[in-house]
Amino acid sequence: MIVMKFGGTSVKDADAIKRVINIIKSRIDSKPVVVSSATAGTTDKLINIGNDSKSGNYEKAIKSIIEVKERHLNIINSLIKSDKHISKAIKKLNEQIAELSEIVKGIYLLKELSGRTLAKISSFGELISTNILTIALIDRKVDTVLINANDFMITDDNFNNAEPQFNEIKKRLKNIVLPELKKNRVVVTQGFMGVSETGDITTFSRGGSDYSASIIGACMKSKEIEIWTDVDGILSADPRIVNSPKILNEISFKEAAELAFFGAKVLHPSTIEPAIKNNIPVRILNSHRPQKPGTIIIKKTNSTKYDVKSITSKKNIKVLNIYSTKMLFAYGFLKKIFEIFDKYKTSVDLITTSEVNVSLTLENTNNLKYVIDELSEFAEVKLEENKALICVVGNNLKFMKGIEKRIFKVVGDFKISMISQGASLINISFVIENDDLEKVIKLLHKEFFE
Ligand code: ADP
Ligand code: ASP
Ligand code: MG
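Below or above, wherever it landed, is the structure these notes cover. (Residues numbered from 1 in each chain as written. Chains lettered and ligands numbered in written order. Predicted model: local features only at pLDDT ≥ 70, side-chain atom pairs only at ≥ 80, totals over all residues. Heavy atoms only, no water.)

**Regarding the packing of helix 1 (residues 14–25) against helix 6 (residues 124–139)**
Alright, step 1. Helix 6 packs onto helix 1 with a crossing angle of 60 degrees between their chain directions and a minimal axis gap of 11 Å. One element, helix 1, and the other, helix 6, form an angle in the oblique class. Between helix 1 and helix 6 lies a crossing whose hand is right-handed. In this structure, helix 1 contributes Ile 17, Val 20, Ile 21 and Ile 24 to the contact, and helix 6 contributes Leu 133, Ala 136 and Leu 137.
Alright, step 2. Looking at the contact of helix 1 with helix 6 residue by residue, the classes come out as 7 nonpolar, no polar and no charged. (Axes fitted to C-alpha atoms, helices over the stretch in contact; angles between N-to-C directions. Helix = DSSP H or I, 4+ residues; strand = E, 2+ residues; numbered from the N terminus. Parallel < 35°, antiparallel > 145°, perpendicular 65-115°, else oblique. Left-handed = near helix turned anticlockwise from the far one by under 90°. Contact = heavy atoms within 4.5 Å. Nonpolar A, V, L, I, M, F, W, Y, C, P; charged D, E, K, R; others polar.)

In structure tokens:
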């Protein structure tokens, strides 16, 4: 079997979904499990609906719910051919919108939006899109069954940033999904959402449908995991910054993990781990141009060269500088620091140390105040904001002669806060000012690719 994941732009309207259906038809013999995201922009909208109703802006929330409904009604009417299937799709959409409206009213009345409720309303995007996709496939004579992710995607109860429970998921996929594939049915399911052991809806972090696909692929030992998106593959830089980035034909799991972790939005950062463990190739493909070969992510690439593969970045990160003249390398000092980050679930991207200082970059800073308060009990802490992290990823970079010289020839004119070449052979990272980000990426891309 294979897993095929379609992102938000791939299901954004009726024409996009027609393309998706043709792509699925071309893969029927491979027994696909199809994982779909919400239509592009819908998850953002649902989250705004939750926040608006919590802050008393109920009318705005209701208006947005109506927009979500209208958009999907339009899709149903221009996508599905038979009246019977149109009615079925609309009936389900109406039920979903009614349930969403009720929850949103509750949020408004209680002025409260917990993580649990946020996950519940966020999941409607995928619930709505998969209902439409399933009926549209059946309408086009593709034998299809919708299996809801909450029947098998068991997670912990970290509601908006859940982690999967692989053993339980594996068991359920075997019992629920496998028999359908054996009957030669296409299985459709929701990305992004799961369910806790207590039966509450959870979601992975944003962009998590990629992760759903790789979890299913790993648990079912699929032949391949296909991630269908709106670009021709993994590119040498973010196409929203660089005009004509190069397409990478193949990259290794390690390089892809590094790229995803350091900001390449095309893959959710957790996607690669389940694939690596089970050695399942991941292919990035363009649903607008399915004839293109895309990028294949595999264990070992053919390239033995030392080369730069891609330049990624994260904007709006914070740098925390921790100073302590006496204790820095005293036994247990770093442990003490990281216990605080652990306690407040704050993950660290990059670390550098000197004789008297540890610097760290942070992206999720919800609990930063508490982290700083506790660190300040034994060290001097300085926070720098509006920074950007750039990461140059490639093969055997550590052995690529003169690479630092080429990077710093470009970056040397800009203010650099941190530099790290990690023990890995595949990444060189540094921190600059937010405002310089696009300029530096363009210059680096020119140096290495143009
Ligand atoms: P989907 O809705 O299919 O999940 P995303 O928007 O999450 O799509 O990811 C695809 C987008 O990632 C592309 O449209 C592109 O703008 C962006 N992107 C950023 N960096 C890269 C990169 N190195 N290679 C490819 N795409 C990238
Ligand atoms: N719909 C979810 C989001 O927008 C998941 C995804 O698209 O991958 O974050
Ligand atoms: Mg995505």
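**Details of the packing of aromatic side chains**
One pair of aromatic rings is described through two measures. These are the centre distance and the angle between the planes.
Alright, step 1. Applying the stated criterion across every chain yields a total of 8 aromatic pairs.
Alright, step 2. For the pair Phe 333 and Phe 378, a centre-to-centre distance of 5.8 Å together with 90 degrees between the ring planes defines the contact as edge-to-face. One end of the pair, Phe 333, is in helix 11 (residues 333–343); the other, Phe 378, is in the loop between helix 12 (368–375) and strand 15 (380–395), with 45 residues separating them in the sequence.
Alright, step 3. Ring geometry for Tyr 344 versus Tyr 370: centroids 5.7 Å apart, planes at 20 degrees, classification stacked. A residue pair is termed long-range when its members are at least 10 positions apart, and Tyr 344 in the loop between helix 11 and strand 13 (348–353) and Tyr 370 in helix 12 qualify at 26 residues.
Alright, step 4. Residue Tyr 344 is classed as buried on the basis of its relative accessible area, which comes to 17%.
Alright, step 5. Lys 314 extends its terminal NZ or CZ atom over the ring of Phe 261, reaching a point 4.9 Å from the ring centre.
Alright, step 6. If you follow Lys 336 out to its NZ or CZ, it ends over the ring of Phe 378, 4.3 Å from the centre. (Phe/Tyr/Trp six-rings, centres within 6.5 Å; stacked < 30°, edge-to-face > 60°. Buried < 20%, exposed > 50% of the residue type's maximum accessible area, 1.4 Å probe, protein only. Lys NZ or Arg CZ within 6 Å of the ring centre and 35° of its normal.)

**Things to note about the nonpolar core**
Alright, step 1. One finds Phe 6, Leu 79, Phe 152, Val 177, Ile 216, Leu 267 and Ile 297 to be the most contacted residues of the largest nonpolar core, which totals 97 residues.
Alright, step 2. Setting aside its immediate chain neighbours within four residues, Ile 216 contacts Val 3, Val 33, Val 35, Phe 152, Met 153, Leu 173 and Thr 189.
Alright, step 3. Ranked by size, the runner-up nonpolar core spans 24 residues in total, among them Ile 241, Ile 311, Ile 432 and Ile 441. (Core = buried A, V, L, I, M, F, W, Y, C linked by side-chain atoms within 4.5 Å.)

**Remarks on unusual backbone geometry**
Alright, step 1. For Lys 111, which is not glycine, the phi dihedral falls at a positive 55 degrees.
Alright, step 2. Counting through the fold element by element, Lys 111 comes out in the loop between helix 4 (83–110) and helix 5 (115–122).
Alright, step 3. Even without being glycine, Lys 141 reaches a positive phi, approximately 65 degrees.

**A closer look at the side chain of Thr 144**
Alright, step 1. Take Thr 144: it is sitting in strand 3 (residues 144–146).
Alright, step 2. According to the relative accessible area criterion, Thr 144 is buried, its value standing at 8%.
Alright, step 3. Separated by 2.8 Å, the side chain of Thr 144 and the backbone oxygen of Val 142 make a polar contact.
Alright, step 4. Those residues in contact with Thr 144 that sit more than four places away from it in its chain are Thr 134, Leu 137, Ile 138, Val 186 and Val 188. (Polar contact = N/O pair within 3.5 Å; in protein donor to acceptor, adjacent residues only side chain to side chain.)

**Points about the environment of Ile 432**
Alright, step 1. On the secondary structure map, Ile 432 appears in strand 17 (residues 427–433).
Alright, step 2. A residue is classified by how much of its surface remains accessible, and Ile 432, at 0% relative accessible area, is buried.
Alright, step 3. Residues in contact with Ile 432, not counting those within four places in the same chain, are Lys 387, Ala 388, Ile 390, Val 411, Lys 415, Ile 416, Leu 437 and Val 440.

**Structural notes on a nonpolar patch on the surface**
Alright, step 1. Residues Leu 334, Phe 338 and Ile 351 make up a contiguous nonpolar surface patch of roughly 220 Å² in combined accessible area.
Alright, step 2. Take Ile 351: it is sitting in strand 13. (Patch = residues over 30% accessible without salt bridge, like charges linked within 9 Å, V, L, I, M, F, W, Y side chains within 5 Å. Areas by Shrake-Rupley, 256 points an atom, 1.4 Å probe, with all protein chains shown as cover. Salt bridge = Lys/Arg side-chain N within 4 Å of Asp/Glu carboxyl O.)

**Remarks on the sheet that holds strand 7 (residues 201–203)**
Alright, step 1. With mixed pairing, the 3 strands of this open sheet are ordered in space as 4-6-7. Strands with a single pairing partner mark the edges of an open sheet, and in this sheet they are strand 4 (154–155) and strand 7.
Alright, step 2. Both strand 4 and strand 6 (residues 193–196) contribute to a ladder of 2 bridges, which runs parallel. Each bridged residue has a counterpart across the sheet, and for Thr 155 the counterpart in strand 6 is Ser 196. (Pairing = 2+ DSSP bridges.)

**Things to note about the site of ligand 1**
Alright, step 1. Among the 19 residues in the neighbourhood of ligand 1, the closest are listed as Lys 5, Thr 229, Asp 230, Leu 235 and Lys 265.
Alright, step 2. Residue Lys 5 places a side-chain N or O atom 3.1 Å away from an oxygen atom belonging to ligand 1.
Alright, step 3. Within the contact set of ligand 1, an oxygen atom lies 2.8 Å away from a side-chain nitrogen or oxygen of Asp 230.
Alright, step 4. Along the lines of polarity and charge, the residues of the shell around ligand 1 split into 8 nonpolar, 6 polar and 5 charged. (Near = heavy atom within 4 Å.)

**Focus on the environment of Glu 197**
Alright, step 1. As for its position among the elements, Glu 197 is in the loop between strand 6 and strand 7.
Alright, step 2. On the accessibility criterion, Glu 197 (64% relative accessible area) is exposed.
Alright, step 3. Separated by 40 residues in the primary sequence, Glu 197 and Asp 157 have C-alpha atoms spaced 7.6 Å apart.
Alright, step 4. Residues in contact with Glu 197, not counting those within four places in the same chain, are Ile 154, Thr 155 and Gln 165.

**Observations concerning the site of ligand 2**
Alright, step 1. Taken together, Ser 37, Thr 43, Glu 126, Phe 192, Arg 206, Gly 207, Gly 208 and Ser 209 make up the full set of residues near ligand 2.
Alright, step 2. At 3.3 Å, a side-chain N or O of Ser 37 approaches an oxygen atom of ligand 2.
Alright, step 3. Within the contact set of ligand 2, an oxygen atom lies 2.6 Å away from a side-chain nitrogen or oxygen of Arg 206.
Alright, step 4. Relative to its unbound accessible area of 260 Å², ligand 2 is 85% covered by the protein chains.

**A word on the pairing of strand 15**
Successive residues of a regular strand alternate their side chains across the two faces of the sheet.
Alright, step 1. Pairing of strand 12 (residues 307–323) with strand 15 involves 13 bridges; the strand directions are antiparallel. Residue pairing for strand 15: Thr 312 is matched across the bridge by Cys 391.

**So, the side chain of Thr 43**
Alright, step 1. Secondary-structure assignment places Thr 43 in helix 2 (residues 42–54).
Alright, step 2. The residues touching Thr 43, leaving out its near neighbours within four places in the chain, are Ala 38, Glu 126, Phe 192 and Arg 206.

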